[in-house]
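# What the coordinates show
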Amino acid sequence: MFKHIGKVAAAVSIVLGSNAYCSDDAVKIFNPNPQKDDVVIPMPCDRVMVFKKVYTSNDPKKIKDKNYNAGSAQNKSPMAQNPNLRYVQGSLHDSKGYYFLMAKYELMAGQYDALVNSDKCDSLKLNKLSRLPAVKLSYFDAMNAAHSYSLFLQQAKGSFKSEDNTVAYARLASDDEWEFAARGGNAVTQSQFEANLPPMENDDISLYAWFDGPQSANGKLQLAGLKKPNPLGLYDMLGNAQEMILEPFKAVRTGRLLGLSGGVCVRGGSYLTPKDSLASSFRTEKPLYVNGADVVSSDTSTRFVLSVPVAQSTDEVKKLNSDVESLGDHDSQEESDNVLASAKKRIEQYEAENKKVQDAFKKETDSLKEQNSSLNALNSDLEKKSDKLQKLNESLMSLNDSLNTSNSKLLAELKDLKDKITTANAQAESMKEVAVTANLRLGGFLCKTVNDGANTLGYYRNLLNVVKKQCEASKDRCKNLESVNANIALNEASLKEILTYYGDTMANARMNYSMGIFKSQLKNAKEAFGSNTKYDTYVDTYYRHLDGYKKLSKDSAKNHKLWTEDCSKVGKGK
């Protein structure tokens, strides 16, 4: 949580020194679309940079980071964009949870000038072109600009501080942070997050991004913030200027990133990128150097993030260490799996120790046999031989007792651990079957609800045709036209909301369970409706949609049309 000192515009707070207020012109240029939840931060030369809070987790523990599915199965570069699992967590915290601060706009030319020429403020001009993204920057230019900004924030009076009183610093966004924010973060539903593009008005990307072509950017860099923002209020995440991120490029393996660091990782595409290539998963690699010089490009910029260290005090280091050690003691599916894996490892360790003791026993026994044979061969000193044999036999008996005790203890603990694993597996399987059956029933119910909603909408659309004809025949009969149109709009919105919930239900189901268990519980789901067998076909339709979910288009409008047609066929008995 930041401490705010001073304001430059209505409902927009800034942390500034007492004599460092920015001009209205600077605020208008660098924040052309002000919002109440903007976080406006001072810059050198009385300029500003605007940030948005991107929440990651509302769990009280910082160690509970957010996991999400990055990438897309529908891409032209599998090694750069194939599906892979990512984790993200904000380093800042307030009453709503953990978050990081991401710049609302791409780094602008006027902001970059102030960072690299902070000793020449009087000579820097402020005009409309100051709002263009700062391009033709090398990776090192971007890093140095972030470093200059961080030093300014560290040295300025009344600068931004976290809850632990640590001054925030600026850096480039990480790959995980960038894609999480581009997809809409926690501001969208699961199925919307996993789509190729975040939710857009009329599914029209031209309202949100500048891309290649005469109907869009037409080969020219555009001013920042002219298009609509994404669900988090971030502008130009796709198109206009592509954005360099903090860490180097890594290719995608099966479900994860390859452990090989390459050149500069660039995200989001630019005004030179074709429209059909733009996606939240779009990422490419650029070299650091070409022909002995730093690589720069007319369509490449960056975007800053404000952050603080992971652990800001000795007490927080202790707390994080304790939280790490306690992982696995809770009831989540993943943590339960960790417990079982740990128990299996302990069993393997005990079995290895048992084998080690048995090998030592065999080795000692063989040695004793050899010594015993040697003593038996001696005829010179019978009394001495007898003493040695007695000591050796006592040693053998002691070793045997130790082995028996160890074996009994190990066998008891092995049995206890195996019983716990068997019980845990049985409970997990039972819970999984109940959850899957409930999901199938919910899917069937939603499919019927989609059919009912489509029928109601169809009724009003047919009624509209009748009312229009009546209106054409007599103007006195036009009074019902507005009411019918209102009912159509209301029912269209209701059906879209139901279809979104229908898609979210499938997205969550496929993320957590395999199709095999859905097939095994299909009969149980139908029987759960009792004698009301009219739901059986709706459940079958939902199961078919669920089976083909991962092969569907990421275009939500196409999916909604397909689901509506299929559920309506069931209602008509086809």
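In the block above lies the structure referred to throughout.
Residues numbered from 1 in each chain as written. Predicted model: local features only at pLDDT ≥ 70, side-chain atom pairs only at ≥ 80, totals over all residues. Heavy atoms only, no water.

### Looking at the nonpolar core
Grouped together as the largest cluster of nonpolar side chains are 35 residues, with contacts concentrated most on Leu 440, Tyr 502, Met 506, Phe 518, Tyr 542 and Leu 546. Breaking this core down by element, the ones donating at least two residues are helix H9 (382-473), helix H10 (481-512), helix H11 (515-527), helix H12 (536-547) and helix H13 (556-571). Sequence-distant contacts of Tyr 502, defined by excluding residues within four places in its chain, comprise Gly 443, Leu 446, Cys 447, Thr 541, Tyr 542, His 545, Trp 563 and Cys 567. Within the second largest apolar cluster, 30 residues are counted, among which are Met 43, Ala 146, Ala 170 and Val 308. (Core = buried A, V, L, I, M, F, W, Y, C linked by side-chain atoms within 4.5 Å. Buried < 20%, exposed > 50% of the residue type's maximum accessible area, 1.4 Å probe, protein only. Helix = DSSP H or I, 4+ residues; strand = E, 2+ residues; numbered from the N terminus. Contact = heavy atoms within 4.5 Å.)

### Some words on the state of the cysteines
What the rule picks out here adds up to three disulfides. Covalently, Cys 447 is tied to Cys 567 through a disulfide, its sulfur atoms 2.1 Å apart. The sign of the -120 degrees torsion about the S-S bond sets the Cys 447-Cys 567 disulfide as left-handed. Note that Cys 447 is positioned in helix H9 and Cys 567 in helix H13, a separation of 120 residues in sequence. In terms of burial, Cys 447 and Cys 567 fall into one category: buried. The cystine pairing of the chain, numbering bonded cysteines in sequence order, is 1-2, 3-6, 4-5. (Disulfide = S-S within 2.5 Å.)

### Here's the deal with the sheet that holds strand E11 (residues 264-267)
Pairing within the open sheet is mixed, and its four strands lie in the order E12-E11-E10-E15. Two strands bound the open sheet, and with one partner strand each, they are strand E12 (283-286) and strand E15 (300-302). Between one strand and the next, the sheet's axes are offset by a mean angle of 45 degrees, whatever the strand orientation. As judged from the three bridges shared by strand E10 (residues 242-248) and E11, these two strands associate in the antiparallel manner. Within E11, the residue paired with Met 244 across the bridge is Val 266. Helix H4 (residues 139-155) contacts E10, E11 and E15 of the sheet and is inclined by roughly 80 degrees relative to E10. On top of the sheet, helix H5 (residues 175-182) reaches E10, E11 and E12; it is set at about 140 degrees to E10, its chief contact. (Pairing = 2+ DSSP bridges. Axes fitted to C-alpha atoms, helices over the stretch in contact; angles between N-to-C directions.)

### Notes on the packing of aromatic side chains
Here the structure, examined in full by the defined rule, presents 14 aromatic pairs. Ring geometry for Tyr 105 versus Tyr 235: centroids 5.2 Å apart, planes at 20 degrees, classification stacked. You can see Tyr 105 sitting in the loop between strand E8 (97-103) and helix H3 (109-116) and its partner Tyr 235 sitting in the loop between helix H6 (190-194) and E10, a full 130 residues away along the chain. Comparing Tyr 105 with Tyr 235, the two get one shared label, buried. With a centroid separation of 5.8 Å and 55 degrees between ring planes, the pair formed by Phe 180 and Phe 193 is classed as tilted. With Phe 180 in helix H5 and Phe 193 in helix H6, this pair connects stretches of sequence that are 13 residues apart. A relative accessible area of 0% means that Phe 180 is categorised as buried. Assessed through its relative accessible area of 7%, Phe 193 is described here as buried. One aromatic cluster is present, built from ring pairs that chain together Tyr 68, Phe 180 and Phe 193. (Phe/Tyr/Trp six-rings, centres within 6.5 Å; stacked < 30°, edge-to-face > 60°.)

### A few points about the pattern of salt bridges
Tallied over the entire structure, the rule returns 22 salt bridges. Arg 283 is paired through a salt bridge with Asp 175; the nearest N and O atoms lie 3.0 Å apart. One end of the pair, Arg 283, is in strand E12; the other, Asp 175, is in helix H5, with 108 residues separating them in the sequence. Across this residue pair, the class does not change: Arg 283 and Asp 175 are buried. Two residues, Glu 179 and Arg 183, come together in a salt bridge whose shortest N-O distance is 3.0 Å. Since its relative accessible area comes to 1%, Arg 183 is described here as buried. (Salt bridge = Lys/Arg side-chain N within 4 Å of Asp/Glu carboxyl O.)

### Examining the packing of H11 against H12
One can describe the packing of H11 onto H12 by two numbers: an axis separation of 10 Å at closest approach and a directional angle of 175 degrees. Regarding the angle of H11 to H12, the classification is roughly antiparallel. Along the contact surface, H11 presents Met 515, Phe 518, Lys 519, Leu 522, Ala 525 and Lys 526, while H12 presents Asp 536, Val 539, Asp 540, Tyr 543, Leu 546 and Asp 547. By residue class, the composition of the contact of H11 with H12 is seven nonpolar, no polar and five charged. (Parallel < 35°, antiparallel > 145°, perpendicular 65-115°, else oblique. Nonpolar A, V, L, I, M, F, W, Y, C, P; charged D, E, K, R; others polar.)

### Considerations on the layout of surface pockets
Estimates place the volume of the second largest pocket at around 1,300 Å³. Surrounding the second largest pocket, 48 residues form its lining, Asp 203, Lys 554, Asp 555, Ser 556 and Ala 557 being those nearest its centre. For the lining of the second largest pocket, the secondary structure elements donating two or more residues are H6, H9, H10 and H13. Among the residues making up the lining of the second largest pocket, the classes are represented as 17 nonpolar, 18 polar and 13 charged. (1 Å grid on protein atoms, 1.4 Å probe; cavity = no way out; pocket = protein on both sides within 12 Å on 5 of 7 lines; lining within 4 Å. Points joined across faces, edges and corners; volume = space filled by probe spheres on them.)

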